[in-house]
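Fold and contact review
The primary structure of each chain is shown beneath.
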Amino acid sequence: ERTELVRQPRAIAVMNQKGGTGKTTTSVSVAAGLADRGFSTLLIDLDAQGNVGVSLGINGQKTLYHVLIDGVRPEDAAVPVRKNLDIITSDQTVAAAELELVNARDRARVLSRRMAALVDAKSPYDYIVLDCAPSLSLLNQNALTFARDVIVPVSCDYLALVGVKQILRTLRHVNEVLLHPIEVLGVLPTFYDVRNRISKEAVQALTGYFRDRVLPPIRVNTRLKEAPSHKKSIFEYDPESTGAKDYGAAFTT
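Since the structure is predicted, the reported quantities are computational estimates derived from the model, not experimental observations.

1. Let's talk about the packing of aromatic side chains
Across all of its chains, the model carries 2 aromatic pairs by this definition. With 5.4 Å between their ring centres and 85° between their planes, Phe39 and Tyr127 make a pair best called edge-to-face. Note that Phe39 is positioned in the loop between α2 (23–36) and β2 (41–45) and Tyr127 in strand β5 (residues 127–131), a separation of 88 residues in sequence. One exposure class covers both Phe39 and Tyr127, and it is buried.

2. Points about the nonpolar core
Judged by nonpolar contacts, the single largest core of 49 residues is most densely connected at Ile44, Leu64, Met115, Leu130 and Val150. Element by element, the count of residues in this core is highest for helix α9 (residues 160–176), at 6 residues. With sequence-adjacent residues up to four places away left out, Leu64 is seen in contact with Ile44, Asp45, Leu46, Ile88, Thr89, Ser90, Val94, Leu111 and Met115. Membership of the second largest hydrophobic core comes to 29 residues, among which are Leu43, Leu215, Leu224 and Phe251.

3. What to know about helix α6 (residues 93–101)
If you check which residues of α6 are buried, you get Val94, Ala97, Glu98 and Leu101. The arc that holds every buried residue of α6, seen down its axis, measures 105°, which confines them to one face. Next to the buried residues of α6 lie α4 (64–68), α7 (110–114) and α8 (138–146).

4. Some words on the pairing of strand β4 (residues 85–88)
Each regular strand carries side chains that alternate between the two faces of the sheet. Judged by which residues are buried, β4 turns out to be covered on both faces: Leu85 and Ile87 on one side and Asp86 and Ile88 on the other are all buried. Summarising the sheet, strand β3 (residues 79–82) and β4 pair through 3 bridges and their orientation is antiparallel. The residue bridging Val79 from the neighbouring strand is Ile87, located in β4.

5. Quick word on the confidence of the model for the chain
Of all residues in the chain, 96% attain a pLDDT of 70 or more, and the chain-wide mean is 90. Between residues 1–6, whose pLDDT stays under 50, and residues either more than four places distant or in other chains, the model counts 11 contacts.

6. Here's the deal with the pattern of salt bridges
The tally for this structure, following the rule as stated, stands at 13 salt bridges. Residue Arg10 pairs with Asp149 through a salt bridge whose shortest N-O separation is 2.8 Å. Placement of Arg10 in strand β1 (residues 10–14) and of Asp149 in strand β6 (residues 149–155) is noted, with a sequence separation of 139 residues between them. According to the relative accessible area criterion, Asp149 is buried, its value standing at 6%. Across the pair Asp149 and Arg148 runs a salt bridge, and its minimum N-O distance is 3.6 Å.

Conventions and cut-offs
- Residues numbered from 1 in each chain as written.
- Predicted model: local features only at pLDDT ≥ 70, side-chain atom pairs only at ≥ 80, totals over all residues.
- Heavy atoms only, no water.
- Phe/Tyr/Trp six-rings, centres within 6.5 Å; stacked < 30°, edge-to-face > 60°.
- Helix = DSSP H or I, 4+ residues; strand = E, 2+ residues; numbered from the N terminus.
- Buried < 20%, exposed > 50% of the residue type's maximum accessible area, 1.4 Å probe, protein only.
- Core = buried A, V, L, I, M, F, W, Y, C linked by side-chain atoms within 4.5 Å.
- Contact = heavy atoms within 4.5 Å.
- Arc of directions from axis to C-beta.
- Pairing = 2+ DSSP bridges.
- pLDDT = per-residue confidence, 0-100.
- Salt bridge = Lys/Arg side-chain N within 4 Å of Asp/Glu carboxyl O.

Here it is, written out as structure tokens:
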């Protein structure tokens, strides 16, 4: 069954240029869910805020900056945090990395060059999940020229489609200008409130545009907000919560 599901390894970027969409929660939940199912997973934080490490209670000695700029091997920067789950953390130095990349050769593919050893047949990972910053940045371009797929978390409000349209323009740029094929693996409605008409209309609008690529929505859930303060994924913190059930349902394949 495992070989049917995975062409090893698979890099997935979690990205929305609009903030407040539950992006890091989604990245951590996807990576933790894959690890729980037995897949060796690497979670990379590309956001200078460093929320991935904060959420799981880890502060790596080597960050993504050291990989991108100093040439540290990614496997040497990766910190084991759970069974089957490693992370490469970020902090404010990653903002400096962005500035230094501007003058790099083939600057949109630096991450791909640094990660080359992790995407060949000898890679220790089945999945690589990239938590992207909420911006249109050079680091995000690097993520998209490295990843094969992108998951787009979209908050259920009237501005939901605005961020998605920005993402689609960026993906077209990556496909047509940078000549790297990348596809939308799924659009994930987040902060879905069953009592709220706006939430239902947002999902309807997304479904009208993306059809079967719209994933089951993630309902508003207090436990999802609480989990990072306990340094746990939602599956560790409260596996019976609607948050855990919703993320489990959204990524069952």
